[in-house]
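Here are the chains, one letter per residue:
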Amino acid sequence: MPFYRDLNPTTKEGKRTLKRLLELRKRLAAKIPPRTLDNTILLATWNIRDFDKPAYGRRLEESYYFIAEIISHFDIVAIQEVYKELSALEKVSQILGGHWKKLFTDETVGAKGNDERMAFLYDSRKLSFEGLASELVLRGVKDEKGNLQPVTQVARTPFMVGFRAGWMQFVLATVHILWDENKADPPQRVREIREVAQFLKQRTVDKSTWSKNIILLGDFNIFGTDDATFQEILKAGFTVPEALLKFRSNATQTRHYDQIALIERPQHVELTGNAGVFDYYDVVFRDTPEDKALYMEYMKEYERKKDGSPRSEKSKKNYYQSYWRTHQMSDHLPMWVEMKIDFSDAYLKNKLG
């Protein structure tokens, strides 16, 4: 569990944080299966908005505790939108404790790269890092004459890491697919998903592949499951767990931005059937008059619009709901699946023949 010793119950902020943590823990326990020692792993993906890009100011201290508390209910979490400066990731890691380890990429430079990193946070008591860590570089495509042609790389380079948990050895490939345009199927977004998914499909058959158990997860910016973006995942042979198809992962739960896709293999990659997204806004930074009033004092710098004109009370409340609080937590909800990692019974039966 996270470490709370730095929280001061004598301050209003400290007391509020402690109370909300208790509520959050209760909600998490009700919505997410308990972690096991050696039977299952809980795998999650979470785009944590601008984590922690200074253009929007630092998060409140309580936000880091809420984020750490949520992460601690999983065994491993893929995180997108980690800012290059890393202070937020370091802060959350400190709260989680020394047995939680982190792996992250170099920053992706350029306007489309947005100075972002990809990261994994994992409980080293449950999982071990097996040595494979690679930023995904797409292969060139051969033309009709057999000549290798250059390929456009993904704007925000995906991150592939090899892990072991129990009997399961696997590769996680996390992505943050390009937004590009505010519509369902812009060509560049479709292309990135197609080329990443097809690349990973090929890795499942290459003899040199460290593990054929490849799980593709992250922020795909997919609007809906009927869109070309989503279909590109399926065309590559990956499936999205049935239990996840009904869940939308943006904060307003209107779009299927995030996905966890895999190729199920008996006794190698198996799901338990438990999966979902976790809506923390039921507990923290709620869309209620009480919380809107409570946090107004922390929004003094946002009392005026970008053009300098003052915000109305209605505008302040709308700003809190759709913008300010999503920079405290995120505009995405964590998506998760539970997977089996103990195949000892099947192994023993196979031995018997």
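Here, the structure is the one placed above.
Because the structure is predicted, anything quoted here is derived from the model rather than measured.

> I'd like a rundown of the packing of aromatic side chains, residues and numbers included.
Tallied over the entire structure, the rule returns 18 aromatic pairs. With 6.2 Å between their ring centres and 65° between their planes, Phe223 and Tyr257 make a pair best called edge-to-face. Linking Phe223 in the loop between β10 (214-219) and α5 (228-235) with Tyr257 in the loop between α5 and β11 (258-262), this pair joins segments that are 34 residues apart in sequence. Each of the two residues, Phe223 as well as Tyr257, counts as buried.

> Give me the lowdown on the sheet that holds strand β5 (residues 128-135), citing residues and values where you can.
An order of β5-β8-β9-β10-β11 is seen for the five strands of this open sheet, with the pairing classed as mixed. Strand pairing shows two members of the sheet lacking a second neighbour, β5 and β11, which therefore form its edges. Pairs of neighbouring strands in the sheet enclose a mean axial angle of 20°, with direction left out of account. Direction of pairing for β5 relative to strand β8 (residues 159-165): antiparallel, over a ladder of five bridges.

> Any details on the layout of surface pockets? Residues and values, ideally.
Its boundaries defined by the atoms lining it, the largest pocket holds a volume of some 320 Å³. No other element matches the three residues that strand β1 (residues 40-51) contributes to the lining of the largest pocket. Within the lining of the largest pocket, the residues separate by chemical class into four nonpolar, five polar and seven charged.

> Explain the packing of helix α1 (residues 12-31) against helix α2 (residues 61-71) to me, and be specific about the residues and the numbers.
Direction vectors running N to C along α1 and α2 enclose 20°, while the axes themselves pass 10 Å from each other. Between α1 and α2, the interaxial angle falls into the category roughly parallel. The element α1 and its partner α2 pack so that their crossing is right-handed. Across the interface between the two elements, Arg16, Thr17, Arg20, Leu21, Leu24, Arg25 and Leu28 from α1 touch Glu62, Tyr65, Phe66, Glu69 and Ile70 from α2. Across the contact of α1 with α2, the residue classes tally to six nonpolar, one polar and five charged.

> If you had to explain the pairing of β8 to someone new, which residues and values would you point to?
Among the seven residues of β8, six are classified as buried, and the element is accordingly described as predominantly covered. The turn joining β8 and strand β9 (residues 168-176), which pair antiparallel and follow one another in sequence, is formed by two residues; a positive phi near 60° is taken by Gly166.

> Pulling in residues and values, what's your account of the pairing of strand β4 (residues 116-123)?
A large share of β4 lies buried, amounting to eight of its eight residues. The pairing of strand β2 (residues 76-83) with β4 spans six bridges and is classified as antiparallel. Looking across to β4, one finds that Val82 is bridged to Arg117. Strand direction decides the pairing type here: strand β3 (residues 100-104) and β4, joined by five bridges, are antiparallel. Note on β4: the bridge partner recorded for Trp100 is Asp123.

> Summarise helix α7 (residues 313-324); cite the residues concerned and give the values.
Relative to the 16 Å expected for 12 residues at 1.5 Å per residue, α7 spans just 14 Å between its end C-alpha atoms, considerably shorter than the ideal helical length. Within the span of α7, buried status applies to Ser315, Lys316, Tyr319, Tyr320 and Trp324. Angularly, the buried residues of α7 cover 145° about the axis, an arc narrow enough to put them on a single face. Residues Lys314 and Ser322 are exposed on α7 and point more than 90 degrees away from its buried face. On its buried face, α7 is in contact with α6 (289-295).

> Tell me what's going on with a nonpolar patch on the surface, and back it up with residues and numbers.
Together, Trp167, Tyr347 and Leu348 make up a nonpolar patch on the protein surface, roughly 320 Å² of accessible area in all. Locating Trp167 in the fold gives a position in the loop between β8 and β9.

> So what's going on with the sheet that holds β1? Residues and values would help.
Pairing is mixed in the open sheet, where six strands are placed in the order β3-β4-β2-β1-β13-β12. Looking at the sheet topology across the chains shown, the edges are occupied by β3 and β12 (271-277). Adjacent strand axes in the sheet meet at a mean angle of 20° when their direction is disregarded. Against the sheet, α2 engages β1, β2, β3 and β4, with an angle of about 155° to β1.

What counts, and where the lines are drawn
Residues numbered from 1 in each chain as written. Predicted model: local features only at pLDDT ≥ 70, side-chain atom pairs only at ≥ 80, totals over all residues. Heavy atoms only, no water. Phe/Tyr/Trp six-rings, centres within 6.5 Å; stacked < 30°, edge-to-face > 60°. Helix = DSSP H or I, 4+ residues; strand = E, 2+ residues; numbered from the N terminus. Buried < 20%, exposed > 50% of the residue type's maximum accessible area, 1.4 Å probe, protein only. Pairing = 2+ DSSP bridges. Axes fitted to C-alpha atoms, helices over the stretch in contact; angles between N-to-C directions. 1 Å grid on protein atoms, 1.4 Å probe; cavity = no way out; pocket = protein on both sides within 12 Å on 5 of 7 lines; lining within 4 Å. Points joined across faces, edges and corners; volume = space filled by probe spheres on them. Nonpolar A, V, L, I, M, F, W, Y, C, P; charged D, E, K, R; others polar. Parallel < 35°, antiparallel > 145°, perpendicular 65-115°, else oblique. Left-handed = near helix turned anticlockwise from the far one by under 90°. Contact = heavy atoms within 4.5 Å. Expected span 1.5 Å × (residues − 1). Arc of directions from axis to C-beta. Patch = residues over 30% accessible without salt bridge, like charges linked within 9 Å, V, L, I, M, F, W, Y side chains within 5 Å. Areas by Shrake-Rupley, 256 points an atom, 1.4 Å probe, with all protein chains shown as cover. Salt bridge = Lys/Arg side-chain N within 4 Å of Asp/Glu carboxyl O.

What is shown is where atoms sit, not what they do.
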